[in-house]
Amino acid sequence: MTDLRLEQEEIEISKKDKLTKYKEKGLKIFFLLNGILAIIVLAGIFYLLLSEGLPTFEEVSIREFFTSFRWNPTSRNPGYGILSLVISTLAVTIGALLFSVPVGIAAAAYLAEVARPKEREILKPVIEILASIPSVVIGFLGIVLLGPIIARTFGLSNGLNVINGSILLGVMALPTIISISEDAISAVPKEYKEASLALGTNRWHTLVKVTIPAALSGITAAIMLGMGRAIGETMAVLMATGNAPAVPRSIFSSIRTMTATIAIELGEVPFNTTHYHSLFAIGAVLFVMTFLVNLVSDLVLHKYGEGE
Amino acid sequence: MTDNLKQKLGFGILRLSTWLILFILFIILYDIISKGIGVISWEFLTTAPRSGMTEGGIWPAVIGTVLVTMITALFAVPIGVFAAIYLNEYASQGKLTRTIRMAIRNLAGVPSIVYGLFGLALFVKNLGLGTSVLSAGLTLGLLTLPVTITASEEALKSVPNSYRHGSLALGVSKWHTIRHNVLPNAIPGILTGAILGLSRAAGETAPILFTGAAFFLPRIPDSLGSQFMALPYHLYILSTQHHSIGVVRPIAYGTAFVLIVLVLILNLVAIFIRYRFRKNLSK
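Residues numbered from 1 in each chain as written. Chains lettered and ligands numbered in written order. Predicted model: local features only at pLDDT ≥ 70, side-chain atom pairs only at ≥ 80, totals over all residues.

A. Local environment of the overall build of chain A. Secondary structure assignment for chain A yields 13 helices and two strands. On C-alpha atoms alone, chain A measures out to a radius of gyration of 27 Å, which is more than a quarter above the 19 Å that the 2.2 N^0.38 rule sets for 308 residues. Counting only C-alpha atoms and orienting by the principal axes, one finds that chain A spans roughly 100 × 70 × 35 Å. Considering chain A as a whole, with its 308 residues, one finds that 46% of them fall into the buried category. In chain A, of all internal contacts separated by at least 6 residues, the share reaching a separation of at least 24 is 72%. (Helix = DSSP H or I, 4+ residues; strand = E, 2+ residues; numbered from the N terminus. Rg over C-alpha atoms; globule rule 2.2 N^0.38 Å. Buried ≥ 20, exposed ≤ 12 C-beta atoms within 10 Å, placed from the backbone. Contact = placed C-beta atoms within 7 Å.)

As structure tokens, this is what we get:
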């Protein structure tokens, strides 16, 4: 009798085990699907940009698109050359980096190597606040605050131009550059610094000749990520660079970047026109540019971190 | 120049750079707060714009932003947590896991305007959701996904392995262990990341430009299928597209003030939760 009952219980337990096993397996697959969604979205973005963008080239030659300076899709003789938009994007991006890279690395070095722990604990979240300010607010200040200052200083009729956009983008790239550079500088092994200090060099010399060179790959990644942000940023450059699709002649020229062109024009075009498709084609070029920049930073950052 | 002097000078420059950044942040906050706070009144917050947006308040934009951010949260937080559970609790080191991680890092670098294009093509056009709260919320959800996944994974990672081993050793199933021993301890970290991600989404403009934000709509959206006003888009309109920009400048400052205060409050809440959480963990 008791044997029989035990056997039955065993059967029930093994049934339950099986059920748990199925449930466990099902859950694992469910969580995996959520992870795979990231791949699907990334691939989906690229696919839709291409499928909506490629029809541009039924009307426009690839050569014109990439090598013409004339962007004027609403003219009776429409022009679909994106070169001036690309140059404008690069101009503000380079301008932004010229200012944000040195300042950002200096601040990162200060946080990692000079500031006292208490000071660092306050400064880090404060700098994070800068990262959280919406780009539309930064753009607004470009119009109402920075623009007039630039116009007055240089005697211009208005201050919405390359230099305004560069400064705004630089401010927006700063938090990225600082936080990743600081991680890189903090990650340099203590032994390096101790060895240098033991040789009788001072802390400044050690920072410049030992610590920063040792952190260079991380700092490079930080600069690339900041660059990616600057290339892709929309609202600040849309509002503060004067909205003129032309090749910049000086830092006081009004321009219009790739992102700003999409933002301004896409709202007004009917679906499936050449103009509509061409804006997706710009989006695809933008996607490829930021993807490459991010990929480089990714490779630099994770070259040694495969196992993390 | 002696080495000592060099060091003093060098550290001085580093300190100056840091101060410059604090100064920039101060200027941004000071300008918006000092010029925006005078505009704020109960009426400004609770009435709709009137007379071609030159008078009245920003009520529909406040509600629109809250609604769209809620959709974003409903979409991005659960998926983010589930994906993080896979990556931290189940995934083995392999090609698939590496590809997922790479995809997440790259998604984080996709420009927000490109998310806008994707949202327009997928939700508005192909799935037929139209320009609506739903389309905009889902678009912002995709944009926020990398943040919620990464933050949730960090939070799960910070739960000590002994919590898992103790439970598993008692013969408890893996899911039961995750649910009762791991997740509860990761919740503060997940929450912090989610709030930071949502505060960013709430301030985004480019992704909602073509997916649902309306130029002017003096009422709150009555369904998920209707267009909506949003604070960041409203600020953009008031400062660039309005016919009399000078007249509406105070309203623009007021809108910027509300937007910044909203984002700052969310950030302070997140910082506070993280601070408490760290203290608890180190106990």
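B. The arrangement of the overall build of chain B in detail. Each helix and strand counted, chain B has 10 helices and two strands in total. For chain B, the N- to C-terminal ordering of α and β elements is α-α-β-β-α-α-α-α-α-α-α-α. A burial count over chain B gives 49% of its 283 residues as buried. In chain B, the proportion of contacts linking residues at least 24 apart, taken out of those at least 6 apart, comes to 76%.

C. Representation of the domain arrangement of chain A. Residues and elements named next belong to chain A. Considered domain by domain, chain A is made up of domain 1 (2–53) and domain 2 (64–302). Relative placement of domain 1 and domain 2: their C-alpha centres are 42 Å apart. Domain 1 puts six residues into the contact, and the matching count from domain 2 is six residues. By residue class, the composition of the side of domain 1 that touches domain 2 is four nonpolar, one polar and one charged. (Domains from an automatic or database assignment. Nonpolar A, V, L, I, M, F, W, Y, C, P; charged D, E, K, R; others polar.)

D. Here's a closer look at the interface of chain B and chain A. Listed as interface residues are 71 residues of chain B and, on the opposing side, 66 residues of chain A. Secondary structure elements with two or more residues in the side of chain B that touches chain A: α1 (3–36), α3 (59–90), α4 (95–109), α5 (112–126), α6 (133–157), α8 (174–203), α9 (231–241) and α10 (245–282) of chain B. Broken down by element, the side of chain B that touches chain A gets its largest block of residues, 19 residues, from α1 of chain B. Looking at the side of chain B that touches chain A residue by residue, the class counts come to 46 nonpolar, 17 polar and eight charged.

E. Unusual backbone geometry, seen in detail. Residues and elements named next belong to chain A. Although it is not a glycine, Asn 243 sits at a positive phi angle of roughly 60°. Checked against the element boundaries, Asn 243 lands in the loop between α11 (235–240) and α12 (258–265). Despite not being glycine, Asn 272 has its phi angle at roughly 65°, a positive value. For Asn 272, the location among the structural elements is in the loop between α12 and α13 (274–302).

F. Here's a closer look at the environment of Asn 185 of chain B. Residue and element names in this part refer to chain B. As for its placement among the helices and strands, Asn 185 is situated in helix α8. Residues Asn 185 and Tyr 163, 22 residues apart in the sequence, show an inter-C-alpha distance of 9.5 Å. Excluding residues within four positions of it along the chain, Asn 185 makes contact with Val 159 and Tyr 163.

G. Region of the structure containing the confidence of the model for chain A. Residues and elements named next belong to chain A. Across chain A, pLDDT averages 90, with 96% of residues at or above 70. Per-element averaging of pLDDT across chain A places helix α1 (residues 2–53) at the bottom with 85 and helix α4 (residues 83–114) at the top with 95. Confidence drops under a pLDDT of 50 for residues 304–308, and excluding neighbours within four residues, the segment shows one contact in the predicted structure. (pLDDT = per-residue confidence, 0-100.)

H. Looking closely at the nonpolar core. One finds Ala 38, Ala 109 and Val 137 of chain A together with Leu 235 and Ala 256 of chain B to be the most contacted residues of the largest nonpolar core, which totals 178 residues. In this view, Ala 38 of chain A contacts Ala 83, Ile 100, Ala 103, Ile 104, Leu 107, Leu 145 and Ile 149 of chain B; residues no more than four positions away in its chain are not counted. (Core = buried A, V, L, I, M, F, W, Y, C linked by C-beta atoms within 7 Å.)

I. Layout of the packing of α3 of chain B against α6 of chain B. All names here are of chain B. Contact geometry for α3 and α6: axes closest at 6 Å, N-to-C directions at 35°. As α3 runs across α6, the sense of the crossing is right-handed. Here the residues of the contact of α3 with α6 sort into 20 nonpolar, eight polar and three charged. (Axes fitted to C-alpha atoms, helices over the stretch in contact; angles between N-to-C directions. Left-handed = near helix turned anticlockwise from the far one by under 90°.)

J. Geometry of the packing of helix α6 (residues 135–154) of chain A against α9 of chain B. Where α6 of chain A meets α9 of chain B, the closest approach of the two axes is 9 Å, and the angle between their N-to-C directions is 15°. With respect to α9 of chain B, the element α6 of chain A is oriented roughly parallel. As α6 of chain A runs across α9 of chain B, the sense of the crossing is left-handed. Residues Val 136, Val 137, Phe 140 and Ile 143 of chain A of α6 of chain A form the contact with α9 of chain B, whose participating residues are Pro 232, Leu 235, Tyr 236 and Ser 239 of chain B. A class-by-class count of the residues in the contact of α6 of chain A with α9 of chain B yields seven nonpolar, one polar and no charged. (Parallel < 35°, antiparallel > 145°, perpendicular 65-115°, else oblique.)

K. Broad picture of α4 of chain B. Look at α4 of chain B: 21 Å from first C-alpha to last across 15 residues, which is about the 21 Å you get at 1.5 Å a residue. Taken as a whole, α4 of chain B has its buried residues at Ile 100, Arg 101, Ala 103, Ile 104, Arg 105, Asn 106, Leu 107 and Gly 109 of chain B. (Expected span 1.5 Å × (residues − 1).)

L. Expanded view of the confidence of the model for chain B. Considering every residue of chain B, the mean pLDDT works out to 90; 98% of them sit at 70 or more. Among the prediction metrics, the complex's ipTM stands at 0.92, with pTM recorded as 0.91.

M. Region of the structure containing the environment of Tyr 47 of chain A. Take Tyr 47 of chain A: it is sitting in helix α1. Expressed as a C-alpha distance, the spacing of Tyr 47 of chain A and Ala 284 of chain A, which sit 237 residues apart in the sequence, is 9.3 Å.

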